[in-house]
Amino acid sequence: MPTTIKLDPVTRIEGHLEIEVTVDTVKGEQQVIDAKSSGTMFRGFEIILQGRDPRDAAMLSQRICGVCPVSHAMASCRNLDDAFGVTVPENGRLMRNLVLGANFVQSHILHFYHLTALDYIDTTGILDIAPWAPRYVTPDMVGGTLAQTLVGHYVAALEMRRKTHQMGALFGGKLPCVSSFVAGGCTEVVSAEKIASFRSLLDEARAFVDNVYVPDVLAVAGLFPEYYEIGTGCGNLLAYGAFDLDASGNNKLFAPGRYTDGTTGQMNLAEINEHVKYSWYTEATGTLNPADGVTDPDPDKPSAYSWCKAPRYGDQVHELGPLARMWINGDYTNGISVLDRLAARALETKVIADAMDGWLDELEVGASGYAEPSLPQTATGVGLTEAPRGALGHWMEITDGTISRYQVVTPTAWNTSPRDDLDQLGPTEAALIGTPVADLEQPIEVLRVVHSFDPCLACGVHLARPDDRARGTKVLIQPGIA
Ligand code: NFE
Ligand code: MG
């Protein structure tokens, strides 16, 4: 008999995600036969931004998320750079890269140690108090020395995250939510002292990544090899690319591109659209390209089960994230699975941390990182970057000097998207199909698959629904009082 299990909410993620799986026995093995991923929180940032001065966009859109505010600042500023037609000076490009890089290192360490490592280790006798207990304890979890070591590294990782935050704040002004990212560059002043402080913190972070993070991920991978076959998903990957290596915009640490039906291809923005058949948005706003996108919530829509729209490329499902970036860059092509996501994320952290050392060398003490733009009355803009969880895009229209349209499409919207107009499952849903579940009371395998995407629903559904059961009761936060 098929059994339905609901993880509501999924814990050790950012934001509010509900995962519903149906489990049945197929060919003698109990496994997931159906899955639904539901973003259960509406944010409304795209509505909040309408009617505002475009120069506010970077400050406001960063508040979408405390984990990846730098990515939203970067996407927003690139959007404004594009709309205003301004060229960012070299120090501006480099400081933006360094702050974004610091945030990636922080976020990836957070994901492994504080969000997913506990899916693999039995911490009984080590962490028996809240918030670590009660929790799933399954026979395949590893205890003993590895568990002791990983818990020790869990604590060390907290300290490392503090230091990477400090690093980002040196050129970001503060963190989370940087104050120096503006249209036209970065307003922080480059000094020899700041470069030295940044490098000293970066040296510590690089040592942690090389000597602790990457080896720990490989240790977990060695003990759970079956997870190279679990959570394979849609098999398609997409990246916008990020970390400009020069002013041309064509030379990036991570290249844009996609991998669709087994073939590598170019990424053309016109092919992106957001389906809403199963999302709480009016049907009229479906399948629009983000440049023409509309945010019009329909909380009573009978077919819907998520506040995430379903972004698609050429109407096909694509997975975003570190694995997509590393694959498209040719840096990691071992496979697509739970462990491949974890391994690619750790290896990418090393690639970025090592590159940051070179960007510090390129900074010019005293040179401005900011070119003052003039504000157009009418313009359109697109800002693309990568966030820790995958490709991030902001689209904007300016009319009469104010924002008349602002659309954000986040990586978690792609990865945890519900079904689309063609009834194709979203990437996480697809990755769950076929996942073995040994114990219906403790579906740890489901959690391992979901966590491998590092979902952030605050980003995904960029108002609160105070009572989860009262779907008809919505409180819309109006512009100006958010
Ligand atoms: Ni809230 Fe975010 C990242 C973005 S995920 S963490 O990384 O954009 O959608
Ligand atoms: Mg959006």
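I will try to describe carefully the structure that is included in this document.

Calculation criteria
Residues numbered from 1 in each chain as written. Chains lettered and ligands numbered in written order. Predicted model: local features only at pLDDT ≥ 70, side-chain atom pairs only at ≥ 80, totals over all residues. Heavy atoms only, no water. Phe/Tyr/Trp six-rings, centres within 6.5 Å; stacked < 30°, edge-to-face > 60°. Helix = DSSP H or I, 4+ residues; strand = E, 2+ residues; numbered from the N terminus. Buried < 20%, exposed > 50% of the residue type's maximum accessible area, 1.4 Å probe, protein only. Lys NZ or Arg CZ within 6 Å of the ring centre and 35° of its normal. 1 Å grid on protein atoms, 1.4 Å probe; cavity = no way out; pocket = protein on both sides within 12 Å on 5 of 7 lines; lining within 4 Å. Points joined across faces, edges and corners; volume = space filled by probe spheres on them.

## Examining the packing of aromatic side chains
Scanning the entire structure with this criterion turns up 18 aromatic pairs. Plain terms: the ring middles of Phe112 and Tyr213 are 5.8 Å apart, the flat faces sit at 40 degrees to each other, and that makes the pair tilted. Of this pair, Phe112 sits in helix H4 (residues 90–116) while Tyr213 sits in helix H6 (residues 192–223), and the two are 101 residues apart along the sequence. Residue Phe112 shares its accessibility class with Tyr213, and that shared class is buried. With 6.1 Å between their ring centres and 55 degrees between their planes, Tyr113 and Tyr213 make a pair best called tilted. Separated by 100 residues along the polypeptide, Tyr113 in helix H4 and Tyr213 in helix H6 bring together distant segments of the chain. Per residue, the accessibility class of Tyr113 equals that of Tyr213, and both read buried. Taken together, the ring pairs in this structure connect Phe42, Trp280, Tyr281 and Trp307 into an aromatic cluster. It is Lys309 that lies over the ring of Tyr281; its NZ or CZ is 5.2 Å from the centre. Between Arg341 and the ring centre of Phe453, over which it is positioned, the NZ or CZ distance is 4.0 Å.

## Focus: empty space enclosed by the protein
With a probe scaled to a water molecule rolled over the atoms, the places where space remains empty come into view. Volume-wise, the second largest cavity comes out at about 50 Å³. Around the second largest cavity, the lining residues are Glu319, Leu320, Gly321, Pro322, Leu323, Ala324, Arg341, Arg345, Asn415, Ser452 and Phe453. Counting only elements with at least two residues in the lining of the second largest cavity, the list comes to helix H7 (322–328) and helix H8 (338–362). The element that contributes the greatest number of residues to the lining of the second largest cavity is H7, accounting for three residues.

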